[in-house]
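What follows is the residue order along each chain.
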Amino acid sequence: MGPIEAGLKQRVRALNRLLEDLYGEQRALRDGVVPAELVHRGRDYRPEIVGIRPPLGIYVHVAGIDVVRDADGRHLVLEDNLRTPSGVSYMIENRIIERRTMPEFFARYRVRRVEHYPALLLQALRELSPRGKHDATVVLLTPGIHNSAYFEHTFLAREMGIELAEGRDLVCSNDVVYLKTTHGLERVDVLYRRIDDDYLDPLCFRPDSSLGSRA
């Protein structure tokens, strides 16, 4: 692991600790490290989940961090995108096409491969399963065909070898989510949701959305 990767890994850990505090003890707010008003007025702050601890205490499973290199050769972070980041499928597809059309360029500059990203993502999702990673059933939750990132949803589901489902394909019974299949209900251990919070639950967020309500 190079210095850039190590730095980004530490950054994601710090962001996860910050979210853990904001939705937990909120010491950063009490101590004035972060202005409470700035957080409470934030468009994406969700007071509905304060006190709810996610599996393994992980809030940040996928992070889209924009990194650039300035004229002095320093790497700088432009943005931390933790709210269902998208776009990785286009990177992978572009890299595959470029490697086919410009093989000499990739051989000369030893460009790293990125096609293994779906496998790494699936591995990370399986680690969250309450039944253990070897028995985990992972499903990608999509808003549907009208979403601008639907191509990526289908691409990742296909590459990871998991089911692609909408809210209407899922049911919840006794706090367990099940996927409707032609063979009956199948238990779901991990949902990789690509639905924004606002559209996930009409009881907590937007009452006019039913995209994820059945789950």
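For the structure given in this document, a descriptive report is provided here. (Residues numbered from 1 in each chain as written. Predicted model: local features only at pLDDT ≥ 70, side-chain atom pairs only at ≥ 80, totals over all residues. Heavy atoms only, no water.)

Our next topic: the overall build of the protein chain. Counting its secondary structure elements, the protein chain contains seven helices and eight strands. Principal-axis analysis of the C-alpha atoms places the extent of the protein chain at approximately 55 × 55 × 35 Å. Within the protein chain, the fraction of its 215 residues that count as buried is 30%. The long-range fraction of contacts in the protein chain, counting pairs at least 24 apart against all pairs at least 6 apart in sequence, stands at 51%. (Helix = DSSP H or I, 4+ residues; strand = E, 2+ residues; numbered from the N terminus. Buried < 20%, exposed > 50% of the residue type's maximum accessible area, 1.4 Å probe, protein only. Contact = heavy atoms within 4.5 Å.)

Time to look at helix 7 (residues 150–160). Taken residue by residue, helix 7 has Glu152, His153, Phe155, Leu156, Ala157 and Met160 as its buried positions. Check the buried side of helix 7 and you find it contacts helix 4 (88–101), helix 6 (117–126), strand 3 (138–141), strand 4 (163–165) and strand 8 (190–193).

Moving on, we get to unusual backbone geometry. Within the chain, Thr84 stands out as a residue other than glycine whose phi angle is a positive 40 degrees. Inspection of the secondary structure puts Thr84 in the loop between strand 2 (75–81) and helix 4. Here the phi dihedral of Asn174 falls at roughly 55 degrees; this positive angle occurs in a residue that is not glycine. Mapped onto the secondary structure, Asn174 falls in the loop between strand 5 (170–173) and strand 6 (176–181). Classification of Asn174 by relative accessible area gives exposed; the value is 73%.

On the secondary structure map, Arg194 appears in the segment after strand 8. Using a relative accessible area of 5% as the deciding quantity, one classes Arg194 as buried. Reaching out from Arg194, the side chain makes a polar contact with the backbone oxygen of Pro85 at a distance of 3.5 Å. A polar contact of 2.8 Å, which involves the side chain of Arg194, links it to the side chain of Glu152. (Polar contact = N/O pair within 3.5 Å; in protein donor to acceptor, adjacent residues only side chain to side chain.)

Okay, the nonpolar core next. Core analysis: the biggest nonpolar cluster contains 17 residues, and Leu121, Leu125, Leu140, Leu156, Met160, Ile162 and Tyr192 have the highest contact counts within it. Looking at this core, the element that brings in the most residues is helix 7, giving four residues. Discounting residues that sit within four places of it in the chain, Leu121 has contacts with Val62, Leu156, Met160 and Tyr192. Judged by nonpolar contacts, the second largest core, of eight residues, contains Leu170, Leu179, Val188 and Ile195. (Core = buried A, V, L, I, M, F, W, Y, C linked by side-chain atoms within 4.5 Å.)

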